[in-house]
Amino acid sequence: MKKPFLFLLLVVCAYSSYPQRISTNFNNNWHFFLEDNASFSKENFDSSSWEVLNVPHDWSFEKGVRQGGDQGQGGGYHDGGIGWYRKTFNVKKASLSKITYINFDGVYMNSEVWVNGNYLAKRPYGYISFRYNISKYLKAGKNTIAVRVDNSLEPSARWYHPCGIYAAVKLIEVNPIHFKPSTIFVTTPLIENQKAIVNIDAEVTSPQKGLKYEVILYSPDGKELDKNCEKLKIVNPSIQLEVKDPKLWSPETPNLYKAVTLILDGKKVIDEVETTFGFKTVEWKTETGFWLNGENVKLKGVCEHWEGGPVGGAWTKPMLRWKLQALKDMGINAIRPSHNPTPPMFYDICDEIGLLVMDEIFDGWHKKAPQDYGKQAFDKWWQRDVKEWITRDRNHPSIFVWSLGNETHSDVAPELVEYGKKLDPTRLFTSGAGNPEDMDIQGVNGGSETKSFIENKSFDKPFISTEAPHTWQTRGYYRTHTWWRDNELPGTYELPNLTEKEIFFYEGINPKNWRNRKQRFNSSYDNATVRVSARKYWEVMRDTPWHSGHFRWTGFDYYGEAGLVHGGLPFNLFMGGALDVAGFKKDLFHFYRSQWTEETMIHMLPHWTHPRMKKGTVIPVWVYSNAEEVELFLNGTSLGKDKPGTIWNEMQCEWMVPYEAGTLEAVAYIDGKEVKRTSFTTAKQPSKLKTTIDKLEAEESFTTSYIVTSEGLDAYDNLYPYGENKVYYKIQGDVKKISMENGNPIDPTSRTKSDFRALFFGKTRLFLREQPNAQKASIITASILGDKALYASNKITIDAKQISILGKNPSSDLNIFYTQNGDNPETDGVLYKEAFEITDGTTVKAIIKQNGTIMLRMEETFGKNEGLFWGDEHSADMWIGRGVNISAEEGILEGAAKISDDAHRYKGTGFVKFDGNEGAVTFYQENDGEMGDYSIRFRYMHNNEGQLHPMKLYVNDEYIRTLEFKPTGGWEKEWKFVPTIITLKAGANNIKLETAGESGPFIDELFVD
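Residues numbered from 1 in each chain as written. Predicted model: local features only at pLDDT ≥ 70, side-chain atom pairs only at ≥ 80, totals over all residues. Heavy atoms only, no water.

Enquirer: What's the story with the overall build of the protein chain in this structure? I'm lost.
Expert: Helix and strand content of the protein chain: 12 helices and 67 strands. The C-alpha radius of gyration of the protein chain comes to 30 Å, within 12% of the 30 Å expected for a compact globule of 1009 residues. Across its three principal axes, the protein chain shows a C-alpha extent of roughly 85 × 75 × 65 Å. Put simply, of all contacts in the protein chain between residues at least 6 apart along the chain, 72% involve residues at least 24 apart. Carbon and sulfur atoms make up 46% of the accessible area of the protein chain, which amounts to about 38,200 Å² in all. Between the centroid of the 119 positive side chains of the protein chain and the centroid of its 133 negative side chains there is a distance of 5 Å. (Helix = DSSP H or I, 4+ residues; strand = E, 2+ residues; numbered from the N terminus. Rg over C-alpha atoms; globule rule 2.2 N^0.38 Å. Contact = heavy atoms within 4.5 Å. Areas by Shrake-Rupley, 256 points an atom, 1.4 Å probe, with all protein chains shown as cover. Lys, Arg positive; Asp, Glu negative; His and termini not counted. Charge placed at Lys NZ, Arg CZ, Asp CG, Glu CD.)

Enquirer: How do you make sense of the pairing of strand β23 (residues 299-304) when you look at a structure like this?
Expert: The side chains of a regular strand alternate, first on one face of the sheet and then on the other. The buried fraction of β23 is high, at 6 of 6 residues. Of the two faces of β23, the one holding Leu299, Gly301 and Cys303 and the one holding Lys300, Val302 and Glu304 are both buried throughout. The pairing of β23 with strand β33 (residues 547-553) spans 5 bridges and is parallel. When the sheet's bridge partners are listed, Cys303 is paired in β33 with Trp553. Strand direction decides the pairing type here: β23 and strand β24 (residues 334-337), joined by 4 bridges, are parallel. Looking at the pairing, Gly301 lines up with Ala334 of β24. (Buried < 20%, exposed > 50% of the residue type's maximum accessible area, 1.4 Å probe, protein only. Pairing = 2+ DSSP bridges.)

Enquirer: When you look at the side chain of Arg535 in this model, what are you seeing that I'm missing?
Expert: In this structure, Arg535 sits in helix α9 (residues 534-543). On the accessibility criterion, Arg535 (3% relative accessible area) is buried. Look past the residues within four positions of Arg535 in its chain and what remains in contact with it is Leu495, Tyr525, Asp526, Phe591, Trp622, Trp648, Asn649, Met651 and Gln652.

Enquirer: Looking at this model, I keep getting lost on the nonpolar core. Mind explaining?
Expert: As a rule of thumb, soluble globular proteins bury nonpolar side chains together. Ranked by internal contacts, the top residues of the largest apolar core, which has 144 residues, are Leu324, Phe362 and Val386. With 7 residues, helix α3 (residues 317-330) is the largest single contributor of residues to this core. When neighbours within four sequence positions are excluded, Leu324 is seen to be in contact with Ile335, Phe346, Ile349, Cys350, Ile353 and Leu355. Membership of the second largest hydrophobic core comes to 26 residues, among which are Leu53, Val55, Val115 and Cys163. (Core = buried A, V, L, I, M, F, W, Y, C linked by side-chain atoms within 4.5 Å.)

Enquirer: How should the packing of aromatic side chains be read in this particular structure?
Expert: The description of two aromatic rings rests on the distance between their centres and on the angle between their planes. Scanning the entire structure with this criterion turns up 83 aromatic pairs. Aromatic pair Phe32 and Tyr85: ring centres 4.8 Å apart, planes at 45 degrees, arrangement tilted. In this pair, Phe32 sits in strand β2 (residues 30-33) while Tyr85 sits in strand β4 (residues 81-91), placing the two residues 53 residues apart along the sequence. A residue is classified by how much of its surface remains accessible, and Tyr85, at 0% relative accessible area, is buried. Seen in terms of ring centroids, Phe459 and Trp546 are 5.3 Å apart; in terms of plane orientation they differ by 55 degrees. Their pairing is tilted. Pair noted here: Phe459 is in the loop between α8 (451-456) and β29 (463-465) and Trp546 is in the loop between α9 and β33, with a separation of 87 residues, a long-range link. The exposure class assigned to Phe459 is buried, which follows from its relative accessible area of 18%. One residue, Lys87, lies across the ring of Phe26, its end atom 4.8 Å from the ring centre. Above the ring of Phe977, the side-chain terminus of Arg937 is found at 4.5 Å from the ring centroid. (Phe/Tyr/Trp six-rings, centres within 6.5 Å; stacked < 30°, edge-to-face > 60°. Lys NZ or Arg CZ within 6 Å of the ring centre and 35° of its normal.)

Enquirer: Would you mind going over helix α4 (residues 344-353) with me for this structure?
Expert: Note on helix geometry: an α-helix contains 3.6 residues per turn, so any two residues three or four positions apart are oriented the same way. Of all 10 residues making up α4, 9 are buried, and the element is well covered by its neighbours. When α4 is considered as a whole, its buried residues turn out to be Pro344, Met345, Phe346, Tyr347, Ile349, Cys350, Asp351, Glu352 and Ile353. As for α4, its buried residues are in contact with α3, β24, β25 (356-360), α6 (378-393) and β26 (399-406). Trailing α4 by a residue or two, Gly354 shows a phi angle of about 90 degrees, which is positive.

Enquirer: I would appreciate a short explanation of the confidence of the model for the protein chain in the present structure.
Expert: The predicted structure's coordinates, where accompanied by low pLDDT, should not be read in detail. Per-chain confidence: the protein chain averages 95 in pLDDT, with 98% of residues scoring 70 or above. This stretch, residues 1-18, has a pLDDT under 50; its non-local contacts, to residues over four places away or in other chains, come to 34 contacts. (pLDDT = per-residue confidence, 0-100.)

Enquirer: Looking at this structure, how should I read a positive patch on the surface?
Expert: A cluster of basic residues, Lys209, Lys212, Lys231 and Lys233, forms a positive patch on the protein surface. With respect to the secondary-structure elements, Lys231 resides in strand β16 (residues 224-231). (Patch = residues over 30% accessible without salt bridge, like charges linked within 9 Å, V, L, I, M, F, W, Y side chains within 5 Å. Salt bridge = Lys/Arg side-chain N within 4 Å of Asp/Glu carboxyl O.)

Enquirer: What is the right way to look at the environment of Lys122 in this model?
Expert: Residue placement: Lys122 occurs in strand β8 (residues 118-123). Accessibility expressed as a relative area gives 37% for Lys122, which makes it partly exposed. In this structure the C-alpha to C-alpha distance between Lys122 and Asp351, which are 229 residues apart in sequence, comes to 31 Å. Residues in contact with Lys122, not counting those within four places in the same chain, are Asn110, Ser111, Glu112, Tyr132 and Trp381.

Enquirer: Explanation requested: unusual backbone geometry in the structure shown.
Expert: For residues that are not glycine, phi is negative in most cases, and the peptide bond is trans in most cases. Backbone torsion omega between Glu154 and Pro155 reads -5 degrees, so that peptide bond is classified as cis. With respect to the helices, strands and loops of the structure, Pro155 is situated in the loop between β10 (141-151) and β11 (164-165). The omega angle of the peptide bond from Ala468 to Pro469 is 0 degrees, so this bond is cis rather than trans. Secondary-structure assignment places Pro469 in the loop between β29 and β30 (483-484). We note that Asn956 has phi near 55 degrees; this positive angle belongs to a residue other than glycine.

Enquirer: I tried to follow empty space enclosed by the protein on my own but got confused; where do I start?
Expert: Any empty space left between atoms is shown by rolling a water-sized probe over those atoms. Taken as a whole, this structure holds 5 cavities of 30 Å³ or more when the rule is applied. Of the volumes computed, that of the largest cavity is approximately 170 Å³. Lining the largest cavity are 17 residues; nearest its centre among them are Tyr125, Ser156, Asp363, Asp372 and Tyr373. In the lining of the largest cavity, the residues fall into 8 nonpolar, 6 polar and 3 charged. The volume enclosed by the second largest cavity comes to roughly 100 Å³. Around the second largest cavity sit 16 residues that line it, and Glu467, Trp553, Glu561, Leu564 and Glu926 are the ones nearest its centre. Here the lining of the second largest cavity is composed, by residue class, of 6 nonpolar, 3 polar and 7 charged. (1 Å grid on protein atoms, 1.4 Å probe; cavity = no way out; pocket = protein on both sides within 12 Å on 5 of 7 lines; lining within 4 Å. Points joined across faces, edges and corners; volume = space filled by probe spheres on them. Nonpolar A, V, L, I, M, F, W, Y, C, P; charged D, E, K, R; others polar.)

What follows is the structure in structure tokens.
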């Protein structure tokens, strides 16, 4: 928890208590309505029937996943739309002589603002802070503000984006003479062991005779270090001060200093601003990479969407601190907010906990998503947005480099760099694989993952992997055979299978029902990837001197890009993180801990509950540890010792263990003495619910949050790792549900509207936020527990508890009534007393009563066809050797193109037809490699004799050629292919088929071979 500095009291004592700058929390009691009407902007419009809420708010996340959702696969099938916010507030008469700003930290996107019916302006970019001077529109007494947020044009990003006022809002009142917003710039032109020089530049609205400009510097512990006061003669004053024995800022020692800048009229404070800064030196060298404070440092980073995690885009500061601290605990020292700036509190936390930030402004400088900022507003707005971004963020010591874009190419790059350096000449500029010739540092995304790149590349400027490695893991899921997203690519490092034959045969979906070969879960053995394993890429980065480091894709899983890797619905999120969207740590998290942290740790995988596995099946058992040596025991018998190595495939200790039920235990040693141990014991069916609560303390304008974790345990307190039972929650008192999340990429349950979420591989979570002035709160948790498939046991347990969250809550007994035959438990239920047995296909229904009132209604079906799919070694054979296939119905349709399922043997959920009219379908393809030629095929069908239905092929809006589609011999099931070769650039590609005056055939899929 950040501790407040003591110097504020000193300033108040030294000068008069004249109220010079007042910042007011403006987050609470907004009225919201998800419709559009021009009358909503009027001063006296009655919005009392609208929903009342506190920001941050993300209406897209609250609405949830919908087949056909406006944002498409990139946005995880969430919606857009137009929403309005209104709020009333009181203004004192004395404030009318002041200047009042309203400051928005983030509104996505195309926001427009009215005050008392007066139109202020529009701000297109959804990822930038902005403010308006509203002074001339205010009046004494009641005032109204209205905000229109327009996300009607979708998809407006290539990944999930929030909708609405998703970040803090403040009302700032200042004197007419004041520091202009974002004009204070603290630089440190000299840093030596014994002293450092600090320049503090500012800009005031207007100088006035008799006023002074003063700066006071304070140490990390709040002591005054130096100050200076000069006459305020110009609008842009500057003062230079000296600090003796400066303590440097680094990820290990995030020492923060503060500069207090004041405008004085005698002893009266006219305006005052506090600015946090730090001392650090940064060098980039072509031969040896990145240097921080004179030390050669490898950047151990992650990329992170603002939306990665369990709240969509509506992060509060306590929740964001939890997220960033979890990544810090993994051992990272750097983070790249991809691919946009974040609200200011992100950088504040990075300053405080010690994370270097590659601050990034844009995804593209032109259209990448069909309706993105690049298309809608970039040309007109980029200078204003870059200015806001850099001037707002440049004092943060955590920011060590600016990134101007991601996988984008344009002649505007030199202008972007030149303009950026005028705003901050103290840092260098890069991009994620965009116009490298114009950047100070060459950033490369996925193309930097190959053996051929690492061994053959040479650079004339410093290099960093801005987006690598790309690996995937589904928490709790394992396979011993390597999986490549696009099949094995040339020039990659080897990643051999762990066993000759696959030994794990469970999936989230029956392979017969997959839409394409991507629709499987991804193995947690670090063997599911595009090109390289996490272990190999850490070795490469660590041992290659010119390699500055990497930002892996990603830290947390995130919503969206569900089609890119996972083939589309029912998948609605991306599993590239070291933590899932619920914040549960994957095995990958612990691998990085073993390499990047010093505190002794040990972690073992996989779990040791395999009820369907034949006894004696040899299982690779891995242990990640930073100890010197690890010994493995099975049922008390030592299986020998192993030492973690430095070569990639020796970084884990490894044993090949014939399976038998019991206890598997790993013991870590240093100097021959035990330092850590961990164990798994084979679990029986889940029979009780374990609930733990983590409290995240309130910060600034944000109330306290709570993370409620539920786990399905057996009678002996062992986690059942295949647990899939629903956990129901009844929330009571002064807390609001933010979401429920389990990390399951195919769970269709609403994260915000439902009262339950199923366990996913044994775990799920509920996220809560206190209401303002909260006094008391509690929850009831309940679950009908057992093995969903009744394979391990047919015994069922019902568990329910009331748990206090906040304050003293009166408690009373809970009564459970249930049925097994489908009857209503309210009228026909039996009082639950003990576990009971059921048969295949049984649906258990139950109610939870408290003081005679029904608190929860529950239902769970059990049977051999329920839950996870359990197959055999041949279950997925049909998908061997298949390339990447992209469904036409997932594309962007224009004109007469429409989705249909009125045929047979189509792939996915349907196909696209034109019904004799004209139209187009655009496919989206992400190429993580370098630019190159690819063979593609369109799967189609028609039976119009003598017609070729010519269609124009465009790649990234450039006409390539016209393709002809010969009759296939039928309209029902006779599908054929039209092949061709195209060039795909690195990153995002759009592939468009457009009719050419003779309509088109049925279009089913695009195959990239």
